[in-house]
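An overview of the molecular structure
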Amino acid sequence: MWPWDHVAVAYLAYAAYTRVRGRRPSDAAALAVFATALAPDVIDKPLSWWLAVLPSGRSLGHSLFTCAAVVAAAGVLQARTRIAGLTPAVTVGYLSHLLGDVAYPLVTDGELRVGFLLWPLVPAAPGEVSSAFGHLGELFAAFLAYLATPAGVAYLLADLLLLVVALTVWISDGAPGTRWIRSSDDNRRG
């Protein structure tokens, strides 16, 4: 999945969770969802593609073991700071990323890939380590080729619909997370 898709799916899932509980996402929770929806890639891609410290762009950050540690840390932080909804926001954000990375190749290639979820118990797939720019170029070229197919056009339309729905829900929730950004800007000007 692309980064914006991870954020959209995570926000929609968390917004649904809060609505079931009769609430709306808070600023802190929305920012936690956004950050943790991107966290596995922010951990793995630079450490694998740029620094060659990890064996794959889906290893440490994409492991369920790391997810469990991050969620536990969020629980401790929530207990100490009393930030409401932090642990569920982190859980939904992180898990939605992992589920998205399982769903994407299943939808686009018909291939179920789940081994990365148990890294390091299941080694990273061979051949996934490459230079950042070379690999990004390969991914982009493959994506453009896919978009030229009927399935790719359907995917693109579904993706656009996902983004529009997520943006609409986020705006209807009062654009949570932006108040902190705006107040931070006001403090720098003042």
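Predicted, not measured: the structure shown is a model, and the values here were computed from it.

1. A closer look at the layout of surface pockets
The gaps left among the atoms become clear once a water-sized probe is rolled over them. Looking at the second largest pocket, its volume works out to about 200 Å³. Considering the residues around the second largest pocket, the lining is formed by Met1, Asp5, Val9, Ser96, Gly100, Ala103, Tyr104, Val107, Tyr155, Ala158, Asp159 and Leu162. Those elements giving two or more residues to the lining of the second largest pocket turn out to be helix H1 (3–20), helix H4 (86–109) and helix H6 (150–172). Of the residues belonging to the lining of the second largest pocket, the class tally is eight nonpolar, two polar and two charged.

2. Considering the environment of threonine 66
Structurally, threonine 66 is set in helix H3 (residues 64–81). Overall, the relative accessible area of 16% leaves threonine 66 in the buried class. Residues threonine 66 and leucine 118, 52 residues apart in the sequence, show an inter-C-alpha distance of 9.6 Å. Not counting chain neighbours up to four residues away, the residues in contact with threonine 66 comprise Leu60, Gly61 and Tyr94.

3. Brief notes about the nonpolar core
Core analysis: the largest hydrophobic core is formed by 19 residues, its most contacted members being Tyr14, Ala89 and Val90. Listing elements by their share of this core, those giving two or more residues are H1, helix H2 (27–50), H3 and H4. When residues of this core are assigned to their parent elements, the largest contribution, seven residues, is made by H4. Sequence-distant contacts of alanine 89, that is, excluding residues within four places in its chain, are made with Tyr14, Ala29, Ala32, Val33 and Thr36.

4. Regarding the pattern of salt bridges
One pass over the structure, following the stated rule, counts seven salt bridges. Taking the shortest distance from any N to any O, the salt bridge between lysine 45 and aspartate 41 comes out at 3.3 Å. With lysine 45 and aspartate 41 both in helix H2 and four residues apart, the pair spans about one turn of that helix. The class of lysine 45 is buried, set by a relative accessible area of 18%. Among the residues examined, aspartate 41 registers a relative accessible area of 17% and is labelled buried.

5. Section: a nonpolar patch on the surface
A grouping of Leu64, Phe65, Leu95, Leu99, Leu118, Leu121 and Val122 is seen on the molecular surface, where their side chains present a nonpolar patch of about 620 Å² in accessible area. Positionally, valine 122 belongs in the loop between H4 and helix H5 (132–147). Accessibility expressed as a relative area gives 30% for valine 122, which makes it partly exposed.

The rules behind each value
Residues numbered from 1 in each chain as written. Predicted model: local features only at pLDDT ≥ 70, side-chain atom pairs only at ≥ 80, totals over all residues. Heavy atoms only, no water. 1 Å grid on protein atoms, 1.4 Å probe; cavity = no way out; pocket = protein on both sides within 12 Å on 5 of 7 lines; lining within 4 Å. Points joined across faces, edges and corners; volume = space filled by probe spheres on them. Helix = DSSP H or I, 4+ residues; strand = E, 2+ residues; numbered from the N terminus. Nonpolar A, V, L, I, M, F, W, Y, C, P; charged D, E, K, R; others polar. Buried < 20%, exposed > 50% of the residue type's maximum accessible area, 1.4 Å probe, protein only. Contact = heavy atoms within 4.5 Å. Core = buried A, V, L, I, M, F, W, Y, C linked by side-chain atoms within 4.5 Å. Salt bridge = Lys/Arg side-chain N within 4 Å of Asp/Glu carboxyl O. Patch = residues over 30% accessible without salt bridge, like charges linked within 9 Å, V, L, I, M, F, W, Y side chains within 5 Å. Areas by Shrake-Rupley, 256 points an atom, 1.4 Å probe, with all protein chains shown as cover.

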